[in-house]
Amino acid sequence: AQSVTQLDSQVPVFEEAPVELRCNYSSSVSVYLFWYVQYPNQGLQLLLKYLSGSTLVKGINGFEAEFNKSQTSFHLRKPSVHISDTAEYFCAVSYTGTASKLTFGTGTRLQVTL
Amino acid sequence: NAGVTQTPKFQVLKTGQSMTLQCAQDMNHEYMSWYRQDPGMGLRLIHYSVGAGITDQGEVPNGYNVSRSTTEDFPLRLLSAAPSQTSVYFCASSITGSNTEAFFGQGTRLTVV
């Protein structure tokens, strides 16, 4: 079965510090990877996605993620966070042949403080 | 540009009551889906549809029904609400394809007492 693991349920960080949110997925021949962000009391919106090609993907709000096939990982990073980045972040995966079905991780709550 | 619209935003039900959560999208997307979000469990797929007249079960379909009579609408029905269905429900739509972005509604927070 497809699965996505986000080991960190919460990540506290000071403003302007770097952050990495970890994501691992179950191996498959062909996979598409996504990071979504959920601000308080809102729906999810896409941060970035990996489809193919360059393993370093840049998204909105200064976030980037690196696809590592050998480690089946897709970690999200930002070199300097802002208070407004406080939100819940979800890693998701879809597999070819599964239409648009997404499998989500359990989420990581990023808490940015001064 | 409305995107994906869910109604209501909040709902309290008594055990055994039924209700319908509404979802509408104006992007002409073929694929629509319903998720529930519970603390520590992420989002789990309830039902999905790849087009009008076609629906299928996701990971946690028990206690829920769906139908898709039009491209725009994808209502989720709770047949007999149970406290275990207390959750936040999200509807999403996308162009059909494994590599496409999903667009989410604002969610419906449902409490069953």
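Relevant structure appears above.
Bear in mind that the values here come from a model prediction, so they are computed numbers and not experimental data.

Another aspect to go through is the interface of chain A and chain B. The extent of an interface is frequently quoted as the accessible surface area lost upon association of the parts. Listed as interface residues are 24 residues of chain A and, on the opposing side, 24 residues of chain B. In this assembly, chain A packs against chain B so that about 1,800 Å² is buried in total across both faces, 55% of it on carbon and sulfur atoms. Applying the counting rule to chain A against chain B returns zero salt bridges. In this assembly, chain A and chain B are joined by two residue pairs in polar contact (both at pLDDT 80 or more).

Within this structure, the stated rule accounts for two disulfides over all chains. Across the disulfide from C23(A) sits C91(A); the S-S distance is 2.0 Å. Judged by the sign of its S-S torsion, about -65°, the bond between C23(A) and C91(A) is left-handed. Taken together, the positions of C23(A) in the loop between β3 (19-21) and β4 (24-25) and C91(A) in strand β10 (residues 87-95) put the pair 68 residues apart, joining distant regions of the chain. Exposure class is identical for C23(A) and C91(A). Each is buried. Put simply, C23(B) and C91(B) are joined by a disulfide, and their sulfur atoms are 1.9 Å apart. The sign of the S-S torsion, about -70°, decides the handedness of the disulfide formed by C23(B) and C91(B): left-handed.

Quick look at unusual backbone geometry now. For the bond from T7(B) to P8(B), the omega torsion is -10°, close enough to zero to count as cis. The backbone of E16(A) shows a phi angle near 75°, a positive value even though the residue is not glycine. Relative to the elements of secondary structure, E16(A) occurs in the loop between β2 (10-14) and β3. Since its relative accessible area comes to 63%, E16(A) is described here as exposed. Notably, N28(B) is not glycine yet its phi reads approximately 60°, a positive angle. In this structure, N28(B) sits in the loop between β3 (19-25) and β4 (31-38). Taking the relative accessible area as the measure of exposure, N28(B) reaches 59% and is therefore exposed.

Residue and element names in this part refer to chain B. Within the secondary structure, S49 sits in strand β5 (residues 42-51). From its side chain, S49 meets the backbone oxygen of G51 in a polar contact 2.9 Å long. With sequence-adjacent residues up to four places away left out, S49 is seen in contact with E30, Y31, M32, I54, T55, R68 and F74.

Another point: the nonpolar core. All names here are of chain A. The biggest cluster of nonpolar side chains holds 30 residues, and the ones touching the most others in it are L33, W35, L47, L48, F74, L76 and Y89. Looking at this core, the elements with two or more residues in it are β2, β3, β5 (31-38), β6 (44-50), β8 (64-68), β9 (73-78), β10 and β12 (108-113). Looking at which element gives the most residues to this core, the answer is β10, with five residues.

Moving on, we come to the pairing of β9(A). All names here are of chain A. For β9, the buried fraction is high: five of the six residues fall into the buried class. Looking at chain direction, β3 and β9 are connected through three bridges and run antiparallel. Bridge pairing links E20 to R77 in β9. When β8 meets β9, the two strands line up antiparallel, connected through five bridges.

Cut-off values and rules
- Residues numbered from 1 in each chain as written.
- Chains lettered and ligands numbered in written order.
- Predicted model: local features only at pLDDT ≥ 70, side-chain atom pairs only at ≥ 80, totals over all residues.
- Heavy atoms only, no water.
- Contact = heavy atoms within 4.5 Å.
- Buried area = accessible area lost by both parts, 1.4 Å probe.
- Salt bridge = Lys/Arg side-chain N within 4 Å of Asp/Glu carboxyl O.
- Polar contact = N/O pair within 3.5 Å; in protein donor to acceptor, adjacent residues only side chain to side chain.
- Disulfide = S-S within 2.5 Å.
- Helix = DSSP H or I, 4+ residues; strand = E, 2+ residues; numbered from the N terminus.
- Buried < 20%, exposed > 50% of the residue type's maximum accessible area, 1.4 Å probe, protein only.
- Core = buried A, V, L, I, M, F, W, Y, C linked by side-chain atoms within 4.5 Å.
- Pairing = 2+ DSSP bridges.

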